[in-house]
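# Chains, contacts and geometry: an overview
The primary structure of each chain is shown beneath.
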Amino acid sequence: MKPLLDIEQLCVNYEGQPVLHGVTLSLARGELLCLLGHSGSGKTTLLRAIAGLEEPASGIISCDGSDLRDTPPHRRGFGMMFQDYALFPHKNVTENITFGLEMQGMRGNKAAARAEEMLELVNLAGYGKRHIDELSGGQQQRVALARSLAPRPRLLLLDEPLGSLDRSLRDHLAEEIRTILKQLEVTAIFVTHDQMEAFSVADRVAVLLDGRLARLDTPEAVYRDPQQREVASFLGFANFVEGRLDDREFTSPLGRLSFDDMKSNKAQGQRTLLLRPEGATLAEGAEGRGLRVSGSVRSRTCLGGHYRLRVEKIDGLNAPLTFEIPLAPAPPAKGSAVEIDVPGNSLVLLAQSET
């Protein structure tokens, strides 16, 4: 099946400076893609270029096989939802939802019926006559979503739609948005800087770093194998050990490791080993197939379901490593010697940066 959206070698400049560098990706019908990255990484610029609000310096954006270069924003059939919702305070909920429908020529009972259908979908049935200032932030977010879905866009673009909400409400609504979009089989691109939000909404995640597409895959694959140190750092990982890979054997200050499955990132030479913090345990018995780390407890913090343990004075390393340890058995006290076993599935070889 042909993709709905194709982007090929897209470059965008702003005030003469490059913002996007050769971004290439495609989007299947019904797919939810999250653009994830720091502020200034280019994710909103990419979204605006797709919408037709930014003019590319080079590259191609096509939808249903048609080049969009000369298609103005209002003729692309795309819907947009913004962080500030852009709701009209002088209109009630129904009037906000029907505004876009009226722009398309749908009026009267037909538009009102569509608005009511959308309100039921976002769990706001009966709210049509309420004014916007009578609604909570979460309710306003639902109205904005209903308004963007009412015209049945062929592609929905969401720019940090949950950015102004608190953590608990954001998590709840992220799951709700995914459920609604999947129910309607809507194709959507969702911009966020929050990895938890991206992972809970997306079928695939596109990580943008400094205007370049650094990683594109399912949330699980991106987390399990960031592939580049810069991507791993953005995801919050901090346990990095430099070493050298020769013939599937990685040598570092922590010793030698054998990597039997090198289907990806085959490049030999200087590499970085990522030790994901989860899965680690206090060492018991003989050393297994993973990696054993010996050092001294710098700090231990109980985080409810697990301990966060920082280990220092590790031979050959200047920086401490951080691990997430099960509650039982409890790790030793600060200053005590400790040995940590890191399983093989928590050890990832990262490629050298391509940027």
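As a reminder, the structure under discussion sits directly above these lines.
What comes next concerns the included structure. (Residues numbered from 1 in each chain as written. Predicted model: local features only at pLDDT ≥ 70, side-chain atom pairs only at ≥ 80, totals over all residues. Heavy atoms only, no water.)

### Considerations on the overall build of the protein chain
A tally of regular secondary structure across the protein chain gives eight helices and 20 strands. On the principal axes, the C-alpha backbone points of the protein chain span a range of 75 × 45 × 40 Å. Residue burial in the protein chain is summarised as follows: out of 355 residues, 47% are buried. Contacts in the protein chain between residues at least 24 apart in sequence constitute 66% of all its contacts with a sequence separation of at least 6. As displayed, the protein chain has an accessible area near 17500 Å², and 47% of this comes from carbon and sulfur atoms. Positive and negative side-chain charges in the protein chain, numbering 41 and 47 respectively, have mean positions lying 1 Å apart. (Helix = DSSP H or I, 4+ residues; strand = E, 2+ residues; numbered from the N terminus. Buried < 20%, exposed > 50% of the residue type's maximum accessible area, 1.4 Å probe, protein only. Contact = heavy atoms within 4.5 Å. Areas by Shrake-Rupley, 256 points an atom, 1.4 Å probe, with all protein chains shown as cover. Lys, Arg positive; Asp, Glu negative; His and termini not counted. Charge placed at Lys NZ, Arg CZ, Asp CG, Glu CD.)

### Some thoughts on helix α3 (residues 108–121)
With 14 residues, α3 should cover 20 Å at 1.5 Å per step; its first-to-last C-alpha distance of 20 Å lies within 8% of that length. Taken together, the buried positions of α3 are A111, R114, A115, M118, L119 and L121. Looking down the long axis of α3, one finds its buried residues gathered within 155° of arc, a one-sided arrangement. Opposite the packed face of α3, turned more than 90 degrees from it, sit the exposed residues N109 and E120. In this structure, the buried residues of α3 make contact with α2 (93–103), α4 (137–149) and α5 (167–184). Directly beyond the C-terminal end of α3, a positive phi value near 60° is found at N123. (Expected span 1.5 Å × (residues − 1). Arc of directions from axis to C-beta.)

### Looking at the pattern of salt bridges
Within this structure, the stated rule accounts for 20 salt bridges. For R142, the salt bridge goes to E176, with nearest N and O atoms at 2.8 Å. Pair noted here: R142 is in helix α4 and E176 is in helix α5, with a separation of 34 residues, a long-range link. With respect to burial, R142 and E176 carry one shared label: buried. Among the salt bridges present, the one from E197 reaches R170, with a minimum N-O distance of 3.7 Å. Taken together, the positions of E197 in helix α6 (residues 195–201) and R170 in helix α5 put the pair 27 residues apart, joining distant regions of the chain. Given the relative accessible area of 2%, E197 is considered buried. Residues participating in the shared-partner salt-bridge network are R29, D64 and R154. (Salt bridge = Lys/Arg side-chain N within 4 Å of Asp/Glu carboxyl O.)

### A look at the packing of aromatic side chains
Under the criterion given, the structure shown has two aromatic pairs. When the ring of Y223 is compared with that of F237, the centres are 5.1 Å apart and the planes differ by 50°; the resulting orientation is tilted. Note that Y223 is positioned in helix α7 (residues 219–224) and F237 in the loop between α8 (229–234) and β11 (240–246), a separation of 14 residues in sequence. The positively charged end of R130 is found above the aromatic ring belonging to Y127, 4.1 Å away from the centroid. (Phe/Tyr/Trp six-rings, centres within 6.5 Å; stacked < 30°, edge-to-face > 60°. Lys NZ or Arg CZ within 6 Å of the ring centre and 35° of its normal.)

### Structural notes on the sheet that holds strand β4 (residues 58–63)
Read across the sheet, four strands follow the order β2-β1-β4-β5 without closing on themselves; strand pairing throughout is antiparallel. Strand pairing shows two members of the sheet lacking a second neighbour, β2 (17–27) and β5 (66–67), which therefore form its edges. Note: strand β1 (residues 5–14) against β2, seven bridges, orientation antiparallel. What sits directly across from D6, in β2, is S26. Lying on the sheet, helix α1 (residues 43–51) is in contact with β1, β2 and β4; it crosses β1 at an angle near 115°. (Pairing = 2+ DSSP bridges. Axes fitted to C-alpha atoms, helices over the stretch in contact; angles between N-to-C directions.)

### Quick look at the environment of P18
Mapping P18 onto the fold places it in strand β2. The sequence separation of P18 and L208 amounts to 190 residues, and the corresponding C-alpha distance is 14 Å. Residues in contact with P18, not counting those within four places in the same chain, are V12 and N13.

### Section: the sheet that holds strand β17 (residues 306–312)
With antiparallel pairing, five strands are arranged side by side in an open sheet as β15-β19-β16-β17-β18. Strand pairing shows two members of the sheet lacking a second neighbour, β15 (281–282) and β18 (321–326), which therefore form its edges. For strand β16 (residues 291–302) and β17, the ladder comprises six bridges, and the chain directions are antiparallel. Within β17, the residue paired with C302 across the bridge is Y307.

### Quick word on the state of the cysteines
Scanning the entire structure with this criterion turns up zero disulfides. Considering cysteine sulfurs only, C63 is the nearest to C34, which forms no disulfide, with 19 Å between them. Of the residues examined, C34 reaches a relative accessible area of 0% and is grouped as buried. (Disulfide = S-S within 2.5 Å.)

### Details of α5
Between its first and last C-alpha atoms α5 spans 26 Å; for 18 residues at 1.5 Å apiece the expected length is 26 Å, and the two agree. Restricting attention to buried positions, one finds in α5 the residues R170, L173, A174, E176, I177, I180 and L181. Lining the buried residues of α5 we find β3 (32–36), α3, α4, β7 (155–159), β8 (188–192) and α6. The first or second residue beyond α5 is E185, which carries a positive phi of 55°.

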